[in-house]
Amino acid sequence: MVQTKLVWSGEGGDVKVAGEFNNWSPADTSPCTEDNTRIFQADLAPGRYTYKWVVDGNWLVDQSQPTQTDESGNVNNLKIVEETAESTAKTADDDSPAKIENDSPAKTESCTNEPATAQTDANAATATSDASEPEHEPRAV
C-alpha cells in the first residue's frame, strides 16, 4: 500500500472526496488549515483511481489536477498511485483493503464556509461542477 494524499485548495464549508478507492461514498477530509486547504489521506494499492470532490453537496472536479472522462461522459479527477520501494517492503504480506485516515492539522478560524465557486487565484483549485451526483460503478481503470 502507498500513503496517498489528495488536496483541495479552495472554498467550501463541507469538503469530502468520493472515488473508486471508497466506492464513490463521500469521505471526510481533514479540517481546513489557515490557507483553506483540506487533505484526504489513504493507503492505496498502486493503480489508477478516479475521484471527485463533494463540496457543500456539489460534485466538483479540481481542474488544477489531472482529469479523465469515463465511458458515461463523467469528468473525474485522476490519481495515479505508483509503487515505491518503501511500499513494496511494507506491504509484501499485506492484502488488506484501502485504509483511509484523516488525522491532519486542527481547524482554524480562517476557513471559509462560503459555497464553493470557481477560483480566481492561479494557485487555487479551479472547480467544475456536475449538476447532480454522478452515477459511478466501481471498476478497474
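As a reminder, the structure under discussion sits directly above these lines.
Being a predicted model, the structure only gives us computed values, none of them experimental. (Residues numbered from 1 in each chain as written. Predicted model: local features only at pLDDT ≥ 70, side-chain atom pairs only at ≥ 80, totals over all residues. Heavy atoms only, no water.)

Enquirer: I'm lost on the side chain of threonine 37 in this one. Help?
Expert: Assignment of secondary structure puts threonine 37 in strand E4 (residues 37–44). Among the residues examined, threonine 37 registers a relative accessible area of 12% and is labelled buried. Among the polar contacts listed, one links the side chain of threonine 37 to the side chain of aspartate 35, at a separation of 2.8 Å. Ignoring sequence-local partners within four residues, the contact set of threonine 37 consists of Val7, Trp8, Ser9, Pro31 and Cys32. (Helix = DSSP H or I, 4+ residues; strand = E, 2+ residues; numbered from the N terminus. Buried < 20%, exposed > 50% of the residue type's maximum accessible area, 1.4 Å probe, protein only. Polar contact = N/O pair within 3.5 Å; in protein donor to acceptor, adjacent residues only side chain to side chain. Contact = heavy atoms within 4.5 Å.)

Enquirer: It is not clear to me how the pattern of salt bridges should be interpreted in this structure. Could you clarify?
Expert: Pairing between side chains of opposite charge can happen when their charged atoms approach one another. Per the counting criterion, the structure on display carries one salt bridge. For lysine 16, the salt bridge identified is with aspartate 28, shortest N-O distance 2.5 Å. Separated by 12 residues along the polypeptide, lysine 16 in strand E2 (residues 15–19) and aspartate 28 in strand E3 (residues 27–28) bring together distant segments of the chain. (Salt bridge = Lys/Arg side-chain N within 4 Å of Asp/Glu carboxyl O.)

Enquirer: Which parts of the structure should I look at to understand the pairing of E4?
Expert: Along a regular strand, successive side chains alternate from one face of the sheet to the other. Of all eight residues in E4, eight are buried; the element is thus mostly enclosed. Side chains Thr37, Ile39, Gln41 and Asp43 of E4 all project onto a buried face; the interleaved residues Arg38, Phe40, Ala42 and Leu44 project onto the opposite face, where all are buried too. The sheet contact formed by strand E1 (residues 2–9) and E4 spans eight bridges and is antiparallel. Across the sheet, residue glutamine 3 finds its bridge partner in E4, namely aspartate 43. (Pairing = 2+ DSSP bridges.)

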